[in-house]
Amino acid sequence: MAPRRPAELYRAPFPLYTVRLHPRRPLAITAGGGGAAKTGIRNGVHFLQLEQIGGQLSASLLHSHDTETRATMSMALAGDIIAAGQDASCHILRFSLQAPEAPGGSAGRNGSGEKGPRKRRGPSPAGQSDTQRQPSEVTVESLHSVRTDFSPDALQKAVRFNADGSLLVTGGADGFLRLWEFPSMKKTLEFKAHDGEIEDIALSPDNKVVTAGRDFQCCVWQQDQLVTGLRWNENLPGIPDKAYRYQACRFGAVEDNAGALRLYTVQVPHKRERRPPPCYLTKWDGKSFLPLLTRPCGTEVISCLSVSDSGTFLGLGTVTGSVAIHIAFSLQRLYYVKEAHGIVVTDVAFIPESQRGRELLAGNEAALLSVAVDSRCKLHLLPSRRSLPVWLLLLLCAGLIVATILLLQLAFPGFL
């Protein structure tokens, strides 16, 4: 049976390009805008509080941070710090949440920072909030702004924090990888990683950097030294080297194996054809960088990739608006909604698997948020896969055998 149409969790007044979820708070941060063009479309970063209301996940707008003429195209989150890629620069923001004022105090603020009623998106409440939490107030402070791309059509396309938040890595249209100390934002390294745009960046726990470029290369770097170049098709001789390019890369944990690490990459056709060839997902050993498994993932061109906290699931968005969830172990598809959005899906992110995140899941095995140029943030739920305990299966088998013997005895007296 096909999954239900995904719920619209939130609708912004501008195109959305990126979404991140706070690991410890029920908070989603999404951003985008219309850019510098004088079209009347604003630019901003929106902070959404997530909560269960009437048995359904809902999002309410806590705060809208105006980014003036700059649309946020890429974003990384480290605690309460946001690294936002806006045009040719990376803007570092720090946000904080304050407890709400007591009744009788000043009214809450609306999405523009002005006094007024709080805006809510999502299902209408059928009763009081399950968690009974009062919404917090958000304040945002700008800390730094550094230029991260110097090409003629400058654009920062990817940004990542390392595990402890001490390092920031950026990449963009000029093909240069730049490493920055954090929080000082002192540039420590800069080198040409690709001939052309860097599409995506992934950081391993030991600070190895993986870059996916439009030059058909996916490279692993230790500082500015090339560790290896990935070759996803080396065991697929029927696929030429320049028929596909790398679109996305992400590291992921391995469920029930704390010491293991996996790298996942997406390969998309370099040229569009009348009969579109499939895109591919590849799983790599995260330490040796040897390919472990490659599977096709449909003919819709993949636009974005996310990995769940436990490394169990992969989330995919496509340029035609579809959203899918695959299981990481086998790369098989578990969930798919065709054209969940009316246009390209720009980012996907899983609800964290922390204690607060499990409260938001409400019994579902996973929840994925998707955003798109259609200004919508949608919710994709993966219901828990019911399985029977081994002892119950054995008991059922034993009962079936006994029942079969009794039936044979009744049908053929003297059978035993």
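Scoring rules and cut-offs
In this convention, every chain numbers its residues from 1, walking through the sequence in written order. For a predicted model such as this one, the threshold for reporting local features is a pLDDT of at least 70, and the threshold for listing and counting side-chain atom pairs is 80 or more; totals across whole chains, interfaces and linings nevertheless cover every residue. Side-chain measures were taken over the full set of non-hydrogen atoms in the model, leaving aside hydrogen atoms and water. Helix numbers and strand numbers start at the N terminus; a helix is a DSSP run of H or I with at least 4 residues, a strand a run of E with at least 2. Using a 1.4 Å probe on the protein chains alone, a residue whose accessible area is under 20% of its type maximum counts as buried, one over 50% counts as exposed, and one in between counts as partly exposed. Only the protein chains shown count as cover for residues, with accessible areas throughout obtained via the Shrake-Rupley method and a probe of 1.4 Å. A residue's pLDDT is the predictor's confidence in that residue, given on a scale from 0 to 100. In this analysis, two residues are considered to be in contact whenever any of their non-hydrogen atoms come within 4.5 Å of each other. Following DSSP output, two strands are said to pair if at least two bridges run between them. Angles here are taken between N-to-C directions and fall from 0 to 180 degrees, while the axes themselves are lines fitted to C-alpha atoms, restricted in helices to the stretch in contact. In this description, a nonpolar core means a group of buried Ala, Val, Leu, Ile, Met, Phe, Trp, Tyr and Cys residues linked to one another through side-chain atoms lying within 4.5 Å. One speaks of a salt bridge when a side-chain nitrogen belonging to Lys or Arg is within 4 Å of a carboxyl oxygen belonging to Asp or Glu.

Across its full length, the chain holds two helices and 29 strands. Within the span of the chain, comprising 416 residues, buried residues form 50% of the whole. Accessible surface, the chain as shown: approximately 20,300 Å² in total, 53% of it carbon and sulfur.

Right, let's talk about the confidence of the model for the chain for a bit. In the predicted model, the chain carries a mean pLDDT of 88, and 87% of its residues have values of at least 70. Scored below 50 in pLDDT, residues 106-132 makes 57 contacts in the model with residues more than four places away or belonging to other chains.

Bringing the environment of Ala7 into the picture now. Its place among the elements puts Ala7 in strand β1 (residues 7-11). C-alpha of Ala7 to C-alpha of His380: the two residues are 373 residues apart in sequence and 7.3 Å apart in space.

This part is about the sheet that holds strand β13 (residues 176-181). What links the strands of a sheet is backbone hydrogen bonding, and the strands pair in either a parallel or an antiparallel sense. Taken together, four strands build an open sheet; the order of strands is β11-β12-β13-β14 and the sheet is antiparallel. Two strands in the sheet have a free side with no partner beyond their single neighbour: β11 (156-161) and β14 (187-192). Going from strand to strand, the sheet's axes swing by 15° on average, the running direction of each strand aside. Bridging between strand β12 (residues 167-172) and β13 involves five bridges; their strand directions are antiparallel. Looking at the pairing, Leu168 lines up with Trp180 of β13.

Here Met185 shows up in the loop between β13 and β14. We classify Met185 as buried; its relative accessible area is 6%. Between the C-alpha atoms of Met185 and Leu167, which are 18 residues apart in sequence, the distance is 8.7 Å. The contact partners of Met185, leaving out residues within four places of it in the chain, are Ile92, His144, Val146, Leu168 and Trp180.

Turning to the sheet that holds strand β7 (residues 81-86), a few remarks are in order. Across the sheet, which stays open at both edges, the four strands sit in the order β6-β7-β8-β10 with antiparallel pairing between neighbours. For this open sheet the edge positions go to β6 (72-78) and β10 (137-147), each flanked by a neighbour on one side alone. Strand-to-strand twist across the sheet, computed as the mean angle between neighbouring axes with direction ignored, equals 25°.

A word on the nonpolar core. Counting residues in hydrophobic clusters, the biggest one holds 22 residues, and the most contacted among them are Leu9, Leu21, Leu50, Leu57, Ile351, Leu369 and Cys377. Core analysis: the next-biggest nonpolar cluster, separate from the first, contains 17 residues, Tyr244, Cys249, Phe251 and Leu263 among them.

Right, let's talk about unusual backbone geometry for a bit. The peptide bond linking Phe182 to Pro183 adopts the cis configuration, its omega dihedral lying at 20°. Tracing the chain through its elements places Pro183 in the loop between β13 and β14. For Phe216, which is not glycine, the phi dihedral falls at a positive 75°. By secondary structure assignment, the location of Phe216 is in the loop between β16 (209-213) and β17 (218-222). The exposure class assigned to Phe216 is buried, which follows from its relative accessible area of 17%. Here the phi dihedral of Asp256 falls at roughly 65°; this positive angle occurs in a residue that is not glycine. Relative to the elements of secondary structure, Asp256 occurs in the loop between β19 (244-254) and β20 (257-269).

Attention now goes to the pairing of β6. Examined bridge by bridge, β6 and β7 share six bridges and lie antiparallel to one another. Within the sheet, the bridge partner assigned to Ser74 lies in β7 and is Gly85. Where β6 folds back onto β7 in an antiparallel hairpin, the turn is made up of two residues, including Gly79, whose phi is positive at roughly 65°.

Here we take up the pattern of salt bridges. With the rule as written, the count across this model stands at 19 salt bridges. One salt bridge in this structure joins Asp66 and Arg42, with 3.9 Å as the shortest N-O distance. Pair noted here: Asp66 is in strand β5 (residues 56-66) and Arg42 is in the loop between β3 (27-33) and β4 (43-53), with a separation of 24 residues, a long-range link. With its nearest N and O atoms 3.8 Å apart, the salt bridge here joins Glu359 to Arg356.

This part takes up the pairing of strand β29 (residues 376-382). Across the seven residues of β29, five count as buried, placing the element largely inside the fold. By the bridge criterion, four bridges tie β1 to β29 in an arrangement that is antiparallel. Within the sheet, the bridge partner assigned to Ala7 lies in β29 and is Leu379. Both strand β28 (residues 366-372) and β29 contribute to a ladder of six bridges, which runs antiparallel. Across the sheet, Ala366 pairs through a bridge with Leu382, a residue of β29. Remark: three residues form the turn of the hairpin made by β28 and β29, two consecutive strands paired antiparallel; Ser375 in that turn has positive phi of roughly 75°.

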